[in-house]
Amino acid sequence: MKSNDEIEPCLTVVMPVYNEAATVAEVIQSVLAQRPVQQLVIVDDCSQDGTWERLQPIAQSEPRIKLIRHEVNRGKGAALRTGIAHATSAVVIIQDADLEYDPAEYCRLIGPILSGQADVVYGSRFRGGSDARRVLYFWHSVGNNFLTLCSNMATDLNLTDMETCYKTFRRELIQRIRIEEDRFGFEPEITAKVAKAKVRIYEVGISYSGRTYAEGKKIGWRDGFQALWCIWRYNFWESK
């Protein structure tokens, strides 16, 4: 695998943002420090905590950033739909605006695409990307594994982490897929649709530093039920 310094800029990072004033500047700095990053598309989903005010001067000082704002809160899936439409690089990756995922691992994620092996790469928190990981919620991990199992049964894939944020795509592939879900249902939806597209899907281990709900984690048990509905809808109910 090539190192960060050996890969030419080829990557658009799509970052949905909602009320992340405490972490967003640090995440942006880390993203832009990665040599493969050619473009950073930030979609502020009507933040109310000062995030938007923090983003504007950062975007004005960095030509690689395209900053977009939703005037009403529409959800992560809607923000991704907006951001992906503005991607211009050959490869697209999704990046959350908190500190759970490490942009230093972009090379690991885009490697199989650049080498011609893959069209889609998932970064698995459960395959191991480092020796250390933060220990948090037991039932949250059970839920993730259960949703991944249900998704795999429906798609006939053998993923270990369907719900991961780090999903990487060839741009022409992700831009021709119609994203319908507005919230966290994006994860099972996009998994079903890339499985139906019969493209080459790879998975690589990544590190993960999860945060607590007190630290700003937003996904909850209701989103788990929505994910089950999306698994059914996009694998069985809709033919395309």
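Since the model is a prediction, treat every value here as computed from it, not as a measurement. (Residues numbered from 1 in each chain as written. Predicted model: local features only at pLDDT ≥ 70, side-chain atom pairs only at ≥ 80, totals over all residues. Heavy atoms only, no water.)

Let's talk about the pattern of salt bridges
- Under the criterion given, the structure shown has 15 salt bridges.
- Taking the shortest distance from any N to any O, the salt bridge between Asp44 and Arg69 comes out at 2.4 Å. Taken together, the positions of Asp44 in strand β2 (residues 37-44) and Arg69 in strand β3 (residues 65-69) put the pair 25 residues apart, joining distant regions of the chain.
- Given the relative accessible area of 23%, Arg69 is considered partly exposed.
- Arg125 is the partner of Asp161 in a salt bridge, and the nearest nitrogen-oxygen pair spans 2.7 Å. (Salt bridge = Lys/Arg side-chain N within 4 Å of Asp/Glu carboxyl O. Helix = DSSP H or I, 4+ residues; strand = E, 2+ residues; numbered from the N terminus. Buried < 20%, exposed > 50% of the residue type's maximum accessible area, 1.4 Å probe, protein only.)

A word on the environment of Val41
- Structurally, Val41 is set in strand β2.
- Taking the C-alpha atoms as reference, Val41 lies 7.2 Å from His86; in sequence the two are 45 residues apart.
- Those residues in contact with Val41 that sit more than four places away from it in its chain are Thr12, Val13, Val14, Met15, Lys66, Ile68, Gly83 and His86. (Contact = heavy atoms within 4.5 Å.)

A word on the nonpolar core
- Judged by nonpolar contacts, the single largest core of 52 residues is most densely connected at Met15, Ile28 and Leu40.
- Setting aside residues no more than four positions away along its own chain, Leu40 makes contact with Val13, Met15, Ile28, Val31, Leu32, Arg64, Ile65 and Lys66.
- Counting residues in each nonpolar core, the second largest holds six residues, with Leu147, Ala154, Ala227 and Ile231 among its members. (Core = buried A, V, L, I, M, F, W, Y, C linked by side-chain atoms within 4.5 Å.)

Quick notes on helix α3 (residues 76-85)
- For α3, the tally of buried residues reaches eight of 10 residues, placing the bulk of the element in the interior.
- Those residues of α3 not exposed but buried are Lys76, Gly77, Ala78, Ala79, Leu80, Thr82, Gly83 and Ile84.
- Packing partners of the buried residues in α3 comprise β1 (11-17), β2, β3, β4 (91-94), α6 (171-174) and α7 (186-196).

A look at the pairing of β3
- The pairing of β2 with β3 spans five bridges and is parallel. Directly across from Leu40, in β3, lies its bridge partner Ile65.
- Following the backbone out of β2, through helix α2 (residues 51-60) and into the adjacent parallel β3, one traces a crossover that is right-handed. (Pairing = 2+ DSSP bridges. Right-handed = clockwise from strand over helix to strand, strands pointing away.)

Here's the deal with the side chain of Thr191
- Checked against the element boundaries, Thr191 lands in helix α7.
- A residue is classified by how much of its surface remains accessible, and Thr191, at 0% relative accessible area, is buried.
- If near-sequence neighbours (up to four positions away) are discounted, Thr191 is found in contact with Tyr122, Ser151, Thr155, Leu157, Leu159, Met162 and Lys167.

Brief notes about a nonpolar patch on the surface
- A contiguous nonpolar surface patch, about 530 Å² in accessible area, is contributed by Phe146, Leu149, Met153, Phe225 and Leu228.
- Elements that contribute at least two residues to the nonpolar patch include exactly α5 (138-155) and α8 (221-237).
- Among the elements that line the nonpolar patch, the one with the most residues is α5, at three residues.
- Within the fold, Leu149 resides in helix α5. (Patch = residues over 30% accessible without salt bridge, like charges linked within 9 Å, V, L, I, M, F, W, Y side chains within 5 Å. Areas by Shrake-Rupley, 256 points an atom, 1.4 Å probe, with all protein chains shown as cover.)

As for unusual backbone geometry
- With a phi close to 65°, Asp156 is a non-glycine residue in the positive phi region.
- Here Asp156 shows up in the loop between α5 and β6 (167-170).
- Phi at Lys198 takes a positive value of approximately 60°, unusual for a residue other than glycine.
- Among the structural elements, Lys198 can be located in the loop between α7 and β7 (201-205).
- For Lys198, a relative accessible area of 73% gives the class exposed.

Focus on α2
- Along α2, the residues that are buried comprise Thr51, Trp52, Leu55 and Ala59. Projection of α2 onto a plane perpendicular to its axis shows the buried side chains occupying an angular sector of 85°, all on one side. Turned more than 90 degrees off the buried face of α2, the exposed positions are Glu53 and Gln60.
- In the core, the buried residues of α2 are packed alongside β1, α1 (24-32), β2 and β3. (Arc of directions from axis to C-beta.)

Geometric descriptors of this kind do not, in isolation, establish any biological role.
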